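# Remarks on the overall topology
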Amino acid sequence: MLPKIFFGYFSIAMIFVSILIITRRNPIHSILWMLVLFFHIAGLYLFLNAEFLAAVQMILYAGAILVLFLFVIMMLNLRKEVEVERFLGEWPIAVFVGGATLVLVIMALTTLTQGPVGQYTVEAIQAETHVKALGKALYTEYLYPFEIASLILLIAVVGAMVLAKKRT
Amino acid sequence: MVPLNWYIMLSAIIFIIGAVGFLIRRNILIMLISIELMLNSVNISFVAFSHYLQDLRGQIFVFFIITVAAAEAAIGLAILVSLFRNKVAIQTDQVTEMKG
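Residues numbered from 1 in each chain as written. Chains lettered and ligands numbered in written order. Predicted model: local features only at pLDDT ≥ 70, side-chain atom pairs only at ≥ 80, totals over all residues. Heavy atoms only, no water.

## What to know about the layout of surface pockets
The computed volume of the largest pocket comes to approximately 270 Å³. Elements supplying a minimum of two residues to the lining of the largest pocket: helix H3 (51-75), helix H6 (130-141) and helix H7 (143-164) of chain A together with helix H3 (57-87) of chain B. Per-class residue counts for the lining of the largest pocket are 13 nonpolar, 3 polar and no charged. (1 Å grid on protein atoms, 1.4 Å probe; cavity = no way out; pocket = protein on both sides within 12 Å on 5 of 7 lines; lining within 4 Å. Points joined across faces, edges and corners; volume = space filled by probe spheres on them. Helix = DSSP H or I, 4+ residues; strand = E, 2+ residues; numbered from the N terminus. Nonpolar A, V, L, I, M, F, W, Y, C, P; charged D, E, K, R; others polar.)

## Regarding the domain arrangement of chain A
All names here are of chain A. Per the domain assignment, the segments making up chain A are domain 1 (1-82) and domain 2 (119-168). On the domain 2 side, the residues contacting the 5 residues of domain 1 number 4 residues. Counting each side, the surface lost to burial between domain 1 and domain 2 is near 350 Å², with a carbon and sulfur contribution of 72%. For domain 1, the biggest contributors to the area lost against domain 2 are Asn49, Glu51 and Phe52; these three give 87% of the whole. Taken together, domain 1 and domain 2 are joined by 0 salt bridges. Taken together, the links from domain 1 to domain 2 amount to 1 residue pair in polar contact (both at pLDDT 80 or more). Looking at the side of domain 1 that touches domain 2, its residues break down into 3 nonpolar, 1 polar and 1 charged. (Domains from an automatic or database assignment. Contact = heavy atoms within 4.5 Å. Buried area = accessible area lost by both parts, 1.4 Å probe. Salt bridge = Lys/Arg side-chain N within 4 Å of Asp/Glu carboxyl O. Polar contact = N/O pair within 3.5 Å; in protein donor to acceptor, adjacent residues only side chain to side chain.)

## Quick look at the packing of aromatic side chains
For the structure on display, the rule yields 12 aromatic pairs over all chains. An aromatic cluster is defined as three or more aromatic residues linked by ring pairs; in this entry it consists of A:Phe6, A:Tyr9, A:Phe10 and A:Phe47. (Phe/Tyr/Trp six-rings, centres within 6.5 Å; stacked < 30°, edge-to-face > 60°.)

## Digging into the interface of chain B and chain A
Listed by partner, the interface residues are 68 residues for chain B and 87 residues for chain A. Of the roughly 7,000 Å² buried where chain B meets chain A, counting both sides, 78% is carbon and sulfur surface. Contact with chain A buries area across many residues of chain B, yet B:Arg25, B:Gln54 and B:Leu56 alone supply 9% of it, more than any other trio. Our count for the chain B to chain A interface comes out at 1 salt bridge. A salt bridge links B:Arg57 to A:Glu141; its shortest N-O distance comes to 3.4 Å. Remark: the boundary between chain B and chain A carries 10 residue pairs in polar contact (both at pLDDT 80 or more). Taken together, the elements giving at least two residues each to the side of chain B that touches chain A come down to helix H1 (4-24), helix H2 (28-52) and H3 of chain B. The element that contributes the greatest number of residues to the side of chain B that touches chain A is H3(B), accounting for 23 residues. Each residue belonging to the side of chain B that touches chain A can be placed in one class, and the counts come to 48 nonpolar, 13 polar and 7 charged.

The structure is reproduced here in structure tokens:
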């Protein structure tokens, strides 16, 4: 019973905060609500026995990506932004399409069957510690995708500098 | 024990809120935030599947999604800064050079 109450609190808070994120007039308010959402997601990861991912969620998303967004907002002058109309004229169509997609997903979920379980049971991960098990899988089985991810980050760093540089 | 369906449902609801936010807002910054929202909802479902199927691969995929999200935020914000410098506009319906 207690896990269900816990999950219920988290899901209701997350849905409410997500709706606040997409409807706030001031972008800074949106980003601060996003911070609240990231804390809740990290809590949900802890609930799912993924403690390293909860830490990564806090450090990378809340610490790096949100601070990047805040920096950009403070660099741009958005004083007029809070007065103009914030939604496109066609927003009821978008909400309708979203609702229809949600109904589709709920109908698809009724036939969800779980696949065969793997070898990493909770006890196996506890015996080996979570970070060690994750690192072993990442650096042996997924070494090649890991190298490609480093290349993506390199391209992002160079590309961001090239795009934001002043033309001379 | 919370059923797996609930997590997938939560993930789907947050994904759709993100998609609707991407479609209805005029501000490019909020559109980028909505993309982050969608990527995070996918991460929730990956971690839930990883826990319920007792396989660590889902959590490894979450790492790659976080990497792509960081790269996407950096590139998107750089495009936003250069757009603001050239046009002083961050509303989507003010950028109509391509007649889209």
